[in-house]
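Observations on the model geometry
This is what each chain is made of:
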Amino acid sequence: MQNNRKEHLYKILVIGDLGVGKTSIIKRYVHQTYSTNYRATIGVDFALKVLNWDSETVRLQLWDIAGQERFGNMTRVYYREAMGAFIVFDVTRPTTFEAVSKWKEDLDSKLTLSNGQSIATVLLANKCDQKRDFLTNNSLKMDQYCKENGFVGWFETSARENININEAANFLVKHIIASENDILKSVVPDTISPQLNSDKEMTCSYWLSLD
Amino acid sequence: MMAQQENGRLFEDTLSVMTLGSQFDEESSFGSDSEINGFTSSRQTDKYGFIGGAQQYSSESAQEVPLEVLRHREAKWLDMLNHWDKWISKRFKKVRLRCQKGIPPSLRGRAWLYLSGGKVKREQNSRKFEELDSMDGDPKWVDVIERDLHRQFPFHEMFVSRGGHGQQDLFRVLKAYTLYRPDEGYCQAQAPIAAVLLMHMPAEDAFWGLVQICEKYLPGYYSAGLEAIQLDGEILNALLKRVCPPAYRHLEKHKIEPILYMTEWFMCAFSRTLPWSSVLRVWDMFLCDGVKIMFRVGLVLLKCMLGSREKLKACPGQYETMELLRALEPRYLQEGFLIHQVLELPISARDVEREHRMQLKRWRKTHGELSYKSPPRMHGTRAIMSAEPHTRQDLRQKPTIVVHYPVPSDTKSEFARVKKRSTIRKASNPTLDIPNPYALSWTLTSCLYVPDKRTDKQRKTPEESNSSAPKASKNLY
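Residues numbered from 1 in each chain as written. Chains lettered and ligands numbered in written order. Predicted model: local features only at pLDDT ≥ 70, side-chain atom pairs only at ≥ 80, totals over all residues. Heavy atoms only, no water.

Regarding the overall build of chain B
Condition: Here a helix means four or more residues in a row that DSSP labels H or I, a strand means two or more in a row labelled E, and each is numbered from the N terminus. A simple rule labels every residue: compare its accessible area, found with a 1.4 Å probe on the protein chains alone, to the largest value its type can have, and call it buried under 20%, exposed over 50%, or partly exposed in between. Between two residues, a contact is recorded if the distance between any of their heavy atoms is within 4.5 Å. Calculation of accessible area relied on Shrake-Rupley with a 1.4 Å probe; when residues are assessed, cover is drawn exclusively from the protein chains displayed.
If you tally the helices and strands in chain B, you get 25 helices and 0 strands. Expressed as a percentage of the 477 residues in chain B, the buried residues total 59%. Once local pairs closer than 6 in sequence are excluded, the contacts in chain B between residues at least 24 apart make up 79%. Accessible surface, chain B: about 21100 Å² in total, of which carbon and sulfur atoms supply 53%.

Right, dumping it as structure tokens:
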């Protein structure tokens, strides 16, 4: 029976400026832990998360990529064959939000799906448990920002308080599967594309419509 | 209540330090503002200062050196440090051999400073660090450095507390470097390098050690663009093809480019990869012989992890292979095993240089000219010494505290004695005729070394404070 289970393997990038909490988000998501003792990521780090997705198994390879600008020269190699991405910023530091579009451009310029589309990317406004004084309290504006910049959605997250991490990941996986189906459809036009299961609907209020 | 708890914990940990070993000076291990406040582990501090984490001391990973051997080695190292230029110019092989055997912990900091040429640099630029230290850093770098301070060896007692002495000194060293080389700025991978140095020496020395590593040993590694490390990745790959073809083919097949697994290894000089006893031994050799040691360690790890058909079968894909290279098997990292393998591997500085030229040619074809021209790499102590002229004065040891012990009448430099004998006896048993310099009852080997977390300003010289001399004498740096 186990053998009949369909398996998906997705490589997901976690990128964003230095110190925004990329490693913390991954550790929270994969190991359900939080610590203030994480080392700065040098180069790239990985973690694996296995999900039961309806009757299928989804394996997520999470790639934790160093945030300092000078590692940007290596990102082409790190990005290769990724299917989805989180771009993370720190709600307490506006400069990390300003860098989001730079990260998105870097990603889109170095990586596209076989149909020429850019990969599904979710914006994470991390450290939402802390005091913040800009923009993310205006969710309409954030929706607008996501639309303009090609994000499939955004979430306020906190790795420390475990807020919205699972939701964001499920949301991203859903989009990855959808875009995979799009690709399949375009390759084999007579295949019937499976509908997304409606009871998987996200609880999050931020997500944008799938077109 | 809170304070009481913290006091309780402090007391407990101090006790553990006291009972753990003579290497620690119970007086100075923790300042009055405890470095361990807020740390929740109840584990003991090991002899390197780790209170937890994967790199902590374990008897399985480390090699014990008998105390008598250690004392003989200390005597030899003291002698070498006293006649450094002669040893380097005339008997470098012996110096190398002693680095390979492991520098005694009590003298490691001093030896590293001499090996790297940091000592000469410091003497020739006296007051430079002071000057840089007093300047304001570029806010751009200060911001990034500050974000990294609590993320370096978070399980080391020196760096565990936010704003503690370790983190303060780390900031001073890294900020000073950005002022010293504003064209280079700060790279995140420099922080662990500086932190390792700070575990062994005061901030000024650590600064010059960092300068030497960044400019002589690993030039270009931390510069914008990070081309030098990528080029070294290609060199590593090419050497692997020669050393272990199956591993090379496997990595090629799965499109695992070197920068996917070697970036942290090389940029941090393995300081975050190996058990601590192995880190120290690797650094002893690295500072003596240069980057070829990095290549050798990398090759040994690849060879051990991917060297057989069974092993390759167990990691059929890219991700599995990368997981494997991240979860290195402890038995391969064990001090004795690893150092032996590294010494056995026939990769010379010349091999590295030859491969460097070939890969550079390829790089120019595919990527164009390097955007950052780094100065030529220097392969260790001897190359650095001959490139940077020094005076005898520069090499003179200037300990802040001088301990007088009775000098046996026949004590002469080993260098002088050996020269007279004119033949050099090999290393197996050369130590027995060396008088024990620690004749005083209170001077244990620990007297020479205490991982000192105090800032330079707090580190008093006897001239400044005679009254504190008896206590400070244990802190002979």
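As for the nonpolar core
Put simply, the test is: To qualify as a nonpolar core, a set must consist of buried Ala, Val, Leu, Ile, Met, Phe, Trp, Tyr and Cys residues joined through side-chain atoms within 4.5 Å.
In terms of nonpolar packing, the biggest core is built from 190 residues, with A:Leu123 and B:Trp84 touching the most fellow members. The residues touching B:Trp84, leaving out its near neighbours within four places in the chain, are B:Trp77, B:Val95, B:Tyr114, B:Leu115, B:Thr381, B:Met385 and B:Leu395.

Notes on the interface of chain B and chain A
This is how the line gets drawn: Computed with a 1.4 Å rolling probe, the buried area is the accessible surface lost when two parts are put together, summed over both parts. Any Lys or Arg side-chain nitrogen found within 4 Å of a carboxyl oxygen on Asp or Glu counts as a salt bridge.
Listed by partner, the interface residues are 37 residues for chain B and 27 residues for chain A. Summed over both partners, the interface of chain B with chain A comes to about 2900 Å²; 57% of that surface belongs to carbon and sulfur atoms. When the area that chain B buries against chain A is broken down by residue, the three leading residues are B:Gln188, B:Arg272 and B:Tyr319, summing to 23%. Inspection of the chain B/chain A interface yields 2 salt bridges.

Observations regarding helix α21 (residues 349–367) of chain B
All names here are of chain B. Going by this rule: A helix is expected to reach a length of 1.5 Å times the quantity of its residues less one. Comment: arc refers to directions from the helix axis out to C-beta atoms.
A rise of 1.5 Å per residue sets the reference length of α21, with its 19 residues, at 27 Å; its end C-alpha atoms lie 25 Å apart and thus fit the reference within 8%. Those residues of α21 that fall on the buried side of the exposure criterion are Asp351, Val352, Glu355, Gln359, Leu360 and Trp363. Angularly, the buried residues of α21 cover 160° about the axis, an arc narrow enough to put them on a single face. Turned more than 90 degrees off the buried face of α21, the exposed positions are Arg350, Arg357, Lys361 and Lys365. Once α21 finishes, Gly368 follows within two positions and takes phi at roughly 85°, a positive value.

Considering unusual backbone geometry
All names here are of chain A. Of note in this structure, Asp54 is not a glycine but carries a positive phi near 50°. Among the secondary structure elements, Asp54 is positioned in the loop between β2 (44–53) and β3 (56–65). Despite not being glycine, Lys127 has its phi angle at roughly 65°, a positive value. Structurally, Lys127 can be placed in the loop between β5 (120–126) and α5 (139–149).

Some points on the sheet that holds β2(A)
All names here are of chain A. Inclusion rule: Two strands qualify as a pair provided DSSP detects at least 2 bridges between them. Helix axes use the C-alpha atoms of the stretch in contact, all axes being lines fitted to C-alpha atoms, and the angles between their N-to-C directions lie in the range 0 to 180 degrees.
As summarised here, the arrangement of the 6 strands in space is β2-β3-β1-β4-β5-β6, forming an open sheet in which the pairing is mixed. Looking at strand neighbours, the two that pair on one side only are β2 and β6 (153–156), the edges of this open sheet. Strand-to-strand, the axes of this sheet are offset by a mean angle of 25°, without reference to chain direction. Sheet analysis places strand β1 (residues 7–16) next to β3, joined by 8 bridges and oriented parallel. From the neighbouring strand, Glu7 faces β3, where its bridge partner is Thr57. Sheet strands touched by helix α1 (residues 22–31): β1, β2, β3, β4 (84–90) and β5. Its angle to β3, the strand with the most contacts, is close to 155°. Across the sheet, helix α4 (residues 100–110) lies against β1, β4 and β5, angled at about 160° from β4, the strand it touches most.

A short note on the confidence of the model for chain B
All names here are of chain B. We count it as follows: Across the chain, each position has a pLDDT score giving the predictor's confidence in that residue, from 0 to 100.
Put simply, chain B has an average pLDDT of 82, and 74% of its residues get 70 or more. Note on residues 1–41: pLDDT under 50 across the span, and 64 contacts to partners over four residues away in sequence or across chains. With pTM at 0.82, the complex prediction returns an ipTM value of 0.86.

What about the pairing of β2(A)?
Residue and element names in this part refer to chain A. Relative to β3, β2 runs antiparallel, the two sharing 10 bridges. What sits directly across from Asn52, in β3, is Thr57. Following β2, the chain reverses through 2 residues before pairing antiparallel with β3; Asp54 in that reversal takes a positive phi of roughly 50°.

Details of empty space enclosed by the protein
All names here are of chain A. Cut-off, in case you're wondering: Any residue with an atom within 4 Å of a point lines the site, the site being either a cavity, points on a 1 Å grid over the protein atoms alone where a 1.4 Å probe fits but cannot get out, or a pocket, an open set with protein on both sides within 12 Å along at least 5 of 7 lines. Grid points are joined across faces, edges and corners, and a volume is the space filled by probe spheres set on the points. In this classification, the charged set is Asp, Glu, Lys and Arg, the nonpolar set is Ala, Val, Leu, Ile, Met, Phe, Trp, Tyr, Cys and Pro, and all remaining amino acids, among them Gly, are polar.
Within the structure shown, the criterion is met by 5 cavities of 30 Å³ or more. Estimates place the volume of the second largest cavity at around 50 Å³. In this structure, the second largest cavity is lined by Val14, Ile25, Ile26, Tyr29, Leu62, Phe86, Leu124, Ile165, Ala168 and Ala169. Those elements that provide at least two residues to the lining of the second largest cavity are α1 and α6 (165–187). Here the lining of the second largest cavity is composed, by residue class, of 10 nonpolar, no polar and no charged.

Considering the UniProt feature "domain: Rab-GAP TBC" (unreviewed entry) in chain B
This is how it is decided: UniProt positions are given in the numbering used here, feature names are shortened, and annotations may be inferred rather than shown by experiment.
When the UniProt feature table is mapped onto this chain, "domain: Rab-GAP TBC" (unreviewed entry) is found at residues 102–290 of chain B. Annotated as 62% helix and 0% strand, the span residues 102–290 of chain B places its first and last C-alpha atoms 15 Å apart.

Description of the environment of B:Thr263
Within the fold, B:Thr263 resides in helix α14 (residues 263–267). For the pair B:Thr263 and B:Lys398, spaced 135 residues apart in sequence, the C-alpha to C-alpha distance is 37 Å. If sequence neighbours within four positions are ignored, B:Thr263 has contacts with A:Gly43, A:Phe71, A:Met74, A:Tyr78, B:Ile229, B:Pro258 and B:Cys268.

Things to note about the packing of aromatic side chains
The following threshold applies: Here a Phe, Tyr or Trp ring, Trp counted by its six-membered ring, pairs with any other such ring whose centre lies within 6.5 Å, and the pair is stacked when the planes are under 30 degrees apart, edge-to-face when over 60, and tilted otherwise. Charge-over-ring contacts are defined here by two conditions on Lys NZ or Arg CZ: a distance within 6 Å of the ring centre and an angle within 35 degrees of the ring normal.
Enumeration according to the criterion identifies 25 aromatic pairs over all chains in this entry. Between A:Phe46 and A:Trp63 the ring centres are 4.9 Å apart and the planes differ by 85°, which places this aromatic pair in the edge-to-face class. Placement of A:Phe46 in strand β2 and of A:Trp63 in strand β3 is noted, with a sequence separation of 17 residues between them. The two residues A:Phe46 and A:Trp63 agree in class, both being buried. Each ring, one from B:Phe207 and one from B:Trp208, has its centre 4.8 Å from the other, and the planes form 70°; the classification is edge-to-face. The class of B:Phe207 is buried, set by a relative accessible area of 0%. If you follow A:Lys11 out to its NZ or CZ, it ends over the ring of A:Trp63, 3.4 Å from the centre. For A:Lys49, the ring lying beneath its charged end belongs to A:Tyr29, and the centroid distance is 4.6 Å.

Focus: the layout of surface pockets
What counts here: Here the bounds of each domain stem from an automatic or database domain assignment.
By volume, the largest pocket is sized at about 1200 Å³. In terms of lining residues, the largest pocket is bounded by 43 residues, among which A:Arg39, B:Ala54, B:Glu264, B:Arg272 and B:Arg326 are the most central. Going through the elements one at a time, α1 and β2 of chain A together with α14, α18 (318–326) and α19 (330–333) of chain B are the ones with two or more residues in the lining of the largest pocket. When residues of the lining of the largest pocket are sorted by domain, at least three fall in each of domain 1 (106–220) and domain 2 (227–371) of chain B.

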